[in-house]
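Listed below are the residues making up each chain.
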Amino acid sequence: MVKKKGIPITVANIDDKFYEFYNRYPHMNAAFHNGVLKGKVLTCPLHYATFDMTTGKKLRTNN
Ligand code: FES
């Protein structure tokens with residue numbers, strides 16, 4: 001996690017492309033940088049929602 005203009009950002013290297021996104025899950029404001037990234041899918045450590053980090057699209061909701 002880094003800050004960009006004071007905003008917490010998570011940066012991920014996925015297939016040699018860098019993606020940055022706001023460091024908060026939409027649910028309960030959990031930190032993205034605590035999630036598990038496998039390929040392009042990030043899993044939230046709290047309730048296991050999954051996101052495609054190349055598009056920002058939520059793939060699975062567990063809340
Ligand atoms: S805080 Fe991530 S799915 Fe609930």
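The coordinates are above.
Residues numbered from 1 in each chain as written. Predicted model: local features only at pLDDT ≥ 70, side-chain atom pairs only at ≥ 80, totals over all residues.

Focus: the sheet that holds strand S3 (residues 17–22)
Step number 1: Read across the open sheet, the 3 strands follow the order S1-S2-S3; overall the sheet is antiparallel. Whereas interior strands pair on both sides, the edge strands pair on one side only; in this sheet they are strand S1 (2–4) and S3. Along the sheet, successive strands turn relative to each other by an average axial angle of 45 degrees, direction set aside.
Step number 2: In the sheet, strand S2 (residues 7–14) pairs with S3 via 6 bridges, with the strands oriented antiparallel. Each residue of the ladder has a partner; that of Ile 9, found in S3, is Tyr 22. (Pairing = 2+ DSSP bridges. Helix = DSSP H or I, 4+ residues; strand = E, 2+ residues; numbered from the N terminus. Axes fitted to C-alpha atoms, helices over the stretch in contact; angles between N-to-C directions.)

Some remarks on the nonpolar core
Step number 1: One finds Tyr 25, Phe 32, Leu 42, Cys 44, Phe 51 and Met 53 forming the largest nonpolar core, which totals 6 residues.
Step number 2: If we ignore the near neighbours within four places in the chain, the residues touching Leu 42 are Phe 32, Gly 35, Leu 37, Thr 50, Phe 51 and Met 53. (Core = buried A, V, L, I, M, F, W, Y, C linked by C-beta atoms within 7 Å. Buried ≥ 20, exposed ≤ 12 C-beta atoms within 10 Å, placed from the backbone. Contact = placed C-beta atoms within 7 Å.)

Here's the deal with the sheet that holds strand S5 (residues 41–43)
Step number 1: An order of S4-S5-S6-S7 is seen for the 4 strands of this open sheet, with the pairing classed as antiparallel. The outermost strands of the open sheet, each flanked by one partner alone, are strand S4 (36–38) and strand S7 (58–60). Neighbouring strand axes in the sheet, compared pairwise and without regard to direction, differ in orientation by 30 degrees on average.
Step number 2: Across 3 bridges, the pairing between S5 and strand S6 (residues 50–52) is antiparallel. What sits directly across from Val 41, in S6, is Asp 52.

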